[in-house]
Amino acid sequence: MTLNEQHSSEWFTRAQAAIPGGVNSPVRAYGSVGGVPPFLASGKGAFVTDVDGNEYLDMVCGWGPMLLGHGHPEVIGAVQEAVSRGLSFGASSTVEVELAEEIARRVEPIEQVRLVSTGTEATMTAIRLARGYTGRDLVVKFAGCYHGHSDGLLAAAGSGLATLALPGSAGVPEAITSQTIVVPYNDLDAVRAVFAEHPGKVAAVITEAAPANMGIVEPDAGFNRSLAEIVHEHGALLICDEVLTGFRTGPAGWWGEEQSGRTLGGPEVSGGWTADIYTFGKVIGGGMPVAALGSTREIMAKLAPQGPVYQAGTLSGNPIAVTAGLATMRLADAGVYEAVDVAANSIAGMVCSAFDEVGLAYSMQRVGNLFSFAFGDGEALGWTGANGGPRNEAEVKNQETWRYPAFFHAMLEGGVSLPPSAFEAWFCSAEHGDRAMERMEAALPAAARAAAAATAA
Ligand SMILES: *Cc1c(COP(=O)(O)O)cnc(C)c1O
């Protein structure tokens, strides 16, 4: 089967003339898999339909927000009702209070919440707040963890351990990234070395609760707990970035999963730790632009207008966006998380079977209902994760990515839309039910064969 992509192709040509690269966020351009990105027209449940009428099982789910599936009638209804009362006021609305309360109710260490519009803003503000609270400047991040596109967080590792970072993008001044230190993920000794080298200077360590932006990388058993201990020993703050994992991997995010000890076939986890500032996005907007940071009353008191750390937003807490998020959060009950977990288990299992069937070497990484695959023989490629998979960004890069385009396009032709990069997590929704499983099952054998037959360029 070859997809009809006439209209998408025409729109992509037009888009490339009007918009840099034809897209408003780089991964959408299909740069790492090639071909024409479908222009989507609608979504319902687990499926999306493009402008040529092709229907795909959606394994991207808006990059996470669509936990309930597309077009959930109660979310759409709540939004339509809110729209009829006005789009934006630049003044307080009651739904903002309700969403802040809902977040604090779910994540116990959080007492107060500030709503913003994007995950980038949430982490950027969290960093500023940590600096304002501690009176220190340096920030430590892990290579391969993504925290949005603010200058200081687009930093790449310097030449040695515990040295100041280099710009990770053109246009980012070295003067700014010199305030960031980048260390390998899962490397507590590297974190200790930074604190030893820069005593009293580190404001915060920021980490993804579980890395999901280089594919999934499983935290070592007890990693987050030990990290929190080291950070707190040195009077710094731990920023737990749950923009992706928050309220997706479970009712209290990945932090909550670690406290509850549910592993779902993922890494061993240990609770008994808290972060100082948590950031959220994706699910809390239910598909609309809402993100947030949350912390204790004491730390949040530093934010304007109460405190000296400035932060603001014309559209922060926009009533329509917050209504979508609040409706999504209220509907995301135990049954929803169970449905997403069941779908993730089934799909991950099916993909593994399909790869095994054709004798492909691969590893599956997984944290709760999020998972990803890396092609290659882990022993030969030097992967050192507890599950035999890659344990940090350097190891993640060492995989047979050249198999992914063949696999991806065979799946797309089979009516399954995967993340268009080997370095992204796969997302399920509570609507990924029987029809989704049938579609997946039907598409996988040919795609696994295509991956196995692929050759390095
Ligand atoms: C998506 C993401 C961000 C950035 O959020 P945007 O809304 O795209 O700005 C930050 N941190 C993590 C962990 C993310 O997955």
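As recorded in an unreviewed UniProt entry, the protein goes by Glutamate-1-semialdehyde 2,1-aminomutase and comes from Pseudoclavibacter albus. Recorded in UniProt under Subcellular location (unreviewed entry), the annotation for the protein is "Cytoplasm". For the protein, the Catalytic activity (unreviewed entry) comment in UniProt is given as "(S)-4-amino-5-oxopentanoate = 5-aminolevulinate".

A. Representation of the overall build of the protein within the structure. When helices and strands are tallied, the protein shows 15 helices and 15 strands. Whereas a compact globule of 457 residues would reach a radius of gyration of roughly 23 Å, the protein reaches 21 Å, a difference of no more than 12%. On the principal axes, the C-alpha backbone points of the protein span a range of 60 × 60 × 45 Å. Put simply, of all contacts in the protein between residues at least 6 apart along the chain, 72% involve residues at least 24 apart. About 18,400 Å² of surface is accessible on the protein, with carbon and sulfur atoms providing 53% of the total. Here the protein contributes 27 positively and 49 negatively charged side chains, and the mean placements of these two sets differ by 5 Å.

B. Representation of the sheet that holds strand S15 (residues 416-417) within the structure. What the four strands build is an open sheet, ordered S1-S2-S3-S15; its pairing is mixed. The two strands at the open ends of the sheet, each matched to only one other strand, are strand S1 (40-44) and S15. Judged from the three bridges that link them, strand S2 (residues 47-50) and strand S3 (residues 55-58) form a sheet pairing that is antiparallel. Paired with Thr49 across the two strands is Glu55, which belongs to S3.

C. Spatial organisation of the pattern of salt bridges. Taken as a whole and judged by the stated rule, the model has ten salt bridges. With its nearest N and O atoms 2.9 Å apart, the salt bridge here joins Arg105 to Glu102. Taken as a pair, Arg105 and Glu102 lie in helix H3 (residues 94-106) at a separation of three residues, close to a single helical turn. Among the ionic pairs, Asp220 bridges to Arg391, the shortest N-O distance being 2.6 Å.

D. Seen up close, the site of the ligand. In the region of the ligand, the neighbouring residues are Thr118, Gly119, Thr120, Tyr146, His147, Gly148, Glu208, Asn213, Asp241, Val243, Leu244 and Lys282. In this structure, Gly119 approaches the ligand through a main-chain N or O atom, which is 2.8 Å from an oxygen atom. Residue Asn213 places a side-chain N or O atom 3.0 Å away from an oxygen atom belonging to the ligand. Isolated, the ligand exposes 380 Å² of accessible area, and the fraction of that covered by the protein chains is 83%. For the shell around the ligand, the class distribution of residues is three nonpolar, six polar and three charged.

E. Main features of the nonpolar core. Core analysis: the biggest nonpolar cluster contains 118 residues, and Met59, Ile103, Phe407, Trp426 and Met440 have the highest contact counts within it. Top element by residues in this core is helix H11 (residues 334-357). It accounts for twelve residues. With residues up to four places along the chain from it excluded, the contact list for Phe407 reads Phe355, Phe375, Leu418, Trp426, Leu444, Ala447, Ala448 and Ala451. Ile127, Ala130, Leu237 and Ile239 belong to the second largest nonpolar core, which has 16 residues in total.

F. Highlighting helix H6 (residues 188-197). Among the residues of H6, those classed as buried are Leu188, Ala190, Val191, Val194 and Phe195. Here the buried residues of H6 occupy an arc of 160° about the axis, which is enough to place them on one side. When the buried face of H6 is taken as reference, the exposed residues oriented beyond 90 degrees from it are Asp189 and Ala196. Where H6 is buried, its residues contact strand S5 (138-142), strand S8 (180-183), strand S9 (202-208) and helix H7 (223-233).

G. Focus on the sheet that holds strand S11 (residues 277-280). Pairing is mixed in the open sheet, where seven strands are placed in the order S4-S12-S11-S10-S9-S5-S8. Each edge of the open sheet carries a strand with a single partner, namely strand S4 (112-116) and S8. Taking the axes of each pair of neighbouring strands and ignoring which way they run, one obtains an average angle of 20° across the sheet. One ladder, built from four bridges, connects strand S10 (residues 237-242) with S11; its direction is parallel. Residue Cys240 lies in a different strand from S11, and its bridge partner there is Tyr278. Relative to the sheet, H6 contacts S5, S8 and S9, its axis offset from that of S8 by approximately 150°.

H. Up close: the layout of surface pockets. Estimates place the volume of the second largest pocket at around 530 Å³. Lining the second largest pocket are 28 residues, and of these Ser92, Glu96, Val113, Arg114 and Leu115 lie nearest its centre. Breaking the lining of the second largest pocket down by element, the ones donating at least two residues are H3 and S4. Here the lining of the second largest pocket is composed, by residue class, of twelve nonpolar, twelve polar and four charged.

I. Structural detail: the UniProt feature "modified residue: N6-(pyridoxal phosphate)lysine" (unreviewed entry) in the protein. Mapped onto the present numbering, the UniProt feature "modified residue: N6-(pyridoxal phosphate)lysine" (unreviewed entry) falls on Lys282. Relative to the helices and strands, Lys282 resides in the loop between S11 and strand S12 (291-295). Setting aside anything within four residues of it in sequence, one finds Lys282 in contact with Trp63, Pro65, Val243, Leu244, Gly287 and Val290.

Cut-offs and rules
Residue numbers here run from 1 along each chain, matching the order of that chain's written sequence. Predicted model: local features are reported for residues with pLDDT of at least 70 only, side-chain atom pairs are reported and counted for 80 or more only, and whole-chain, interface and lining totals are derived from all residues. Think of the side-chain values as coming from all heavy atoms in the structure, minus any hydrogens and water. UniProt positions are given in the numbering used here, feature names are shortened, and annotations may be inferred rather than shown by experiment. Helix numbers and strand numbers start at the N terminus; a helix is a DSSP run of H or I with at least 4 residues, a strand a run of E with at least 2. Taken over C-alpha atoms, the radius of gyration is set against a globule rule of 2.2 Å times the number of residues to the power 0.38. Residue contacts follow a heavy-atom distance rule, with two residues in contact if any of their heavy atoms lie within 4.5 Å. Computed with a 1.4 Å probe, the accessible areas rest on the Shrake-Rupley method; for each residue, only the protein chains presented here act as cover. Counting rule for charge: Lys and Arg are taken as positive, Asp and Glu as negative, and neither His nor the chain ends is counted. Positions of charges follow a simple convention, taking NZ of Lys, CZ of Arg, CG of Asp or CD of Glu. Whether two strands pair comes down to DSSP finding at least two bridges between them. Each salt bridge in this description consists of a side-chain nitrogen of Lys or Arg and a carboxyl oxygen of Asp or Glu lying within 4 Å of one another. We call a residue near a given molecule or strand whenever any one of its heavy atoms falls within 4 Å of it. Two N or O atoms count as a polar contact when they lie within 3.5 Å, although within protein this holds only if one can serve as hydrogen donor and the other as acceptor, and sequence-adjacent residues are included solely when both atoms are side-chain atoms. All residues other than Ala, Val, Leu, Ile, Met, Phe, Trp, Tyr, Cys, Pro, Asp, Glu, Lys and Arg, Gly among them, are scored as polar; the first ten of these are nonpolar and the last four charged. Working definition of a nonpolar core: buried Ala, Val, Leu, Ile, Met, Phe, Trp, Tyr and Cys residues. They are joined through side-chain atoms within 4.5 Å. The buried label applies to any residue whose accessible area, calculated with a 1.4 Å probe on protein chains only, is under 20% of its type's maximum; exposed applies above 50%, and partly exposed to all values in between. Here the arc refers to the set of directions running from the helix axis out to each C-beta atom. Every angle, taken between N-to-C directions, lies between 0 and 180 degrees, and every axis is a line fitted to C-alpha atoms, over only the stretch in contact when it is a helix. Both site types are read off a 1 Å grid over the protein atoms alone. A 1.4 Å probe that fits but cannot get out defines a cavity, while an open set with protein on both sides within 12 Å along at least five of seven lines defines a pocket; lining residues have an atom within 4 Å of a point. Grid points are joined across faces, edges and corners, and a volume is the space filled by probe spheres set on the points.

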